[in-house]
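Each chain, written out:
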Amino acid sequence: MTKYVATARRLALFGALWFVLTGGEGAVLGAVVVLTASWLSIRLLPAMRPLRMSALLAIVPGFVWRSLLGGVDVARRALDPRLPLDPGWIEIPVDLSDGGRVALGGELSLMPGTLVAGNANGRLLVHVLDRQQDTTSTVHNEAMRMGKVAG
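Reading the values: the criteria
- Residues numbered from 1 in each chain as written.
- Predicted model: local features only at pLDDT ≥ 70, side-chain atom pairs only at ≥ 80, totals over all residues.
- Heavy atoms only, no water.
- Helix = DSSP H or I, 4+ residues; strand = E, 2+ residues; numbered from the N terminus.
- Buried < 20%, exposed > 50% of the residue type's maximum accessible area, 1.4 Å probe, protein only.
- Contact = heavy atoms within 4.5 Å.
- Areas by Shrake-Rupley, 256 points an atom, 1.4 Å probe, with all protein chains shown as cover.
- Lys, Arg positive; Asp, Glu negative; His and termini not counted.
- Charge placed at Lys NZ, Arg CZ, Asp CG, Glu CD.
- Axes fitted to C-alpha atoms, helices over the stretch in contact; angles between N-to-C directions.
- Parallel < 35°, antiparallel > 145°, perpendicular 65-115°, else oblique.
- Left-handed = near helix turned anticlockwise from the far one by under 90°.
- Nonpolar A, V, L, I, M, F, W, Y, C, P; charged D, E, K, R; others polar.
- Pairing = 2+ DSSP bridges.
- Salt bridge = Lys/Arg side-chain N within 4 Å of Asp/Glu carboxyl O.
- Patch = residues over 30% accessible without salt bridge, like charges linked within 9 Å, V, L, I, M, F, W, Y side chains within 5 Å.
- Expected span 1.5 Å × (residues − 1).
- Arc of directions from axis to C-beta.

Visitor: Account for the overall build of the protein chain, naming residues and giving values.
Guide: For the protein chain, the helix and strand inventory stands at five helices and three strands. Shown N-terminal to C-terminal, the secondary structure of the protein chain runs as helices and strands in the order α-α-α-β-α-β-β-α. Here the C-alpha coordinates of the protein chain stretch approximately 55 × 35 × 25 Å along the principal axes. A buried classification covers 24% of the 151 residues belonging to the protein chain. At a minimum sequence separation of 6, the contacts of the protein chain that also span at least 24 residues come to 70%. Counting every atom, the protein chain has about 10000 Å² of accessible surface; 67% of that belongs to carbon and sulfur. Averaging the positions of the 15 positive and the 11 negative side-chain charges in the protein chain gives two centres separated by 9 Å.

Next up, the structure:
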């Protein structure tokens with residue numbers, strides 16, 4: 001994918017996001033923010049290959065379902081003192097590109113009960129509510145789904 005195509009796609013994405021968040025108000029500020037966000041995006045995370053939109057759309061229902069289940073689990077743990085609560089940090093190796101790990105970390109951080117605080121040397125640093133749960137296999141399954149999106 002050429003740099004121009006990647007830039008155009010990111011301009012469209014950030015422009016649409018700005019429009020959704022503001023209802024189209026503040027066009028001058030919006031233009032500055034969209035241009036700056038697009039420039040930073042290209043500088044910090046250059047486009048290597050295009051996202052497979054069909055694969056991205058295919059993971060949305062599962063993401064919503066797992067988020068719902070995670071929210072119920074967190075609520076149960078908060079309201080029932082008998083359920084295990086062993087918060088802590090775990091490192092999970094992930095076989096994705098740097099951009100893929102960042103996207104996966106963002107996805108996992110949106111799910112209740114997990115927070116990805118960084119990645120280094122091919123590993124994600126994840127905060128969980130229960131270190132005894134099998135978070136590693138869950139993360140690996142999400143990484144496989146994310147790998148299909150990134151190609």
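Visitor: Can you break down the packing of helix α1 (residues 3–22) against helix α2 (residues 27–44) residue by residue, with the values?
Guide: Remark: α1 packs on α2, axes separated minimally by 9 Å, with the N-to-C direction vectors making an angle of 135 degrees. Comparing the axis directions of α1 and α2 gives the class oblique. Two packed elements cross with a definite hand, and for α1 against α2 that hand is right-handed. Along the contact surface, α1 presents Lys3, Ala6, Thr7, Arg10, Leu11, Phe14, Gly15 and Trp18, while α2 presents Leu29, Gly30, Val33, Val34, Leu35, Ala37, Ser38, Ser41 and Ile42. Per-class residue counts for the contact of α1 with α2 are 10 nonpolar, five polar and two charged.

Visitor: Break down the pairing of strand β1 (residues 88–93) for me, with residues and values.
Guide: Here β1 shows a buried face lined by Gly88, Ile90 and Ile92 and an unburied face lined by Trp89, Glu91 and Pro93. Inspection of the sheet shows β1 paired to strand β3 (residues 123–128) by six bridges, in the antiparallel sense. Counted as the bridge partner of Trp89 is His127 from β3.

Visitor: Would you mind going over the pattern of salt bridges in detail, with residue names and values included?
Guide: Counted under the stated rule, the structure contains six salt bridges. For the salt bridge of Asp73 with Arg77, the shortest nitrogen-to-oxygen distance reads 2.9 Å. Pair noted here: Asp73 and Arg77 are both in helix α3 (residues 53–79), with a separation of four residues, about one helical turn. Here Asp86 ties to Arg131 by a salt bridge, and the two come within 2.8 Å at their closest N and O atoms. Taken as a pair, Asp86 in the loop between α3 and β1 and Arg131 in the loop between β3 and α5 (135–150) lie far apart in primary sequence, 45 residues in all. Under the relative-accessibility criterion, Asp86 is labelled partly exposed at 21%. You can call Arg131 partly exposed: its relative accessible area is 42%.

Visitor: Which residues make up a nonpolar patch on the surface, and what values go with them?
Guide: On the surface, a cluster of nonpolar side chains totalling about 450 Å² of accessible area is made up of Trp39, Leu40, Leu44 and Leu45. Here Leu40 lies in helix α2.

Visitor: Run through the sheet that holds β1, naming residues and quoting values.
Guide: Here three strands make up an open sheet; going across it, the order is β1-β3-β2 and the pairing antiparallel. Here the strands that pair on one side only, and so sit at the sheet edges, are β1 and β2 (114–120). Ignoring strand direction, the axes of neighbouring strands in this sheet form an average angle of 25 degrees. Packing against the sheet, helix α4 (residues 98–110) makes contact with β2 and β3, and its axis sits at approximately 165 degrees to β2.

Visitor: Lay out α4 with the relevant residues and their values.
Guide: When the terminal C-alpha atoms of α4 are compared, their 19 Å separation across 13 residues agrees well with the 18 Å that a helix rising 1.5 Å per residue should span. Regarding α4, the residues found buried are Gly100, Arg101, Leu104, Gly105, Glu107 and Leu108. Around the axis of α4, the buried residues are gathered within 165 degrees of arc, so they sit on the same side. Those residues of α4 that are exposed and aimed more than 90 degrees away from the buried face are Asp98, Val102 and Leu110.

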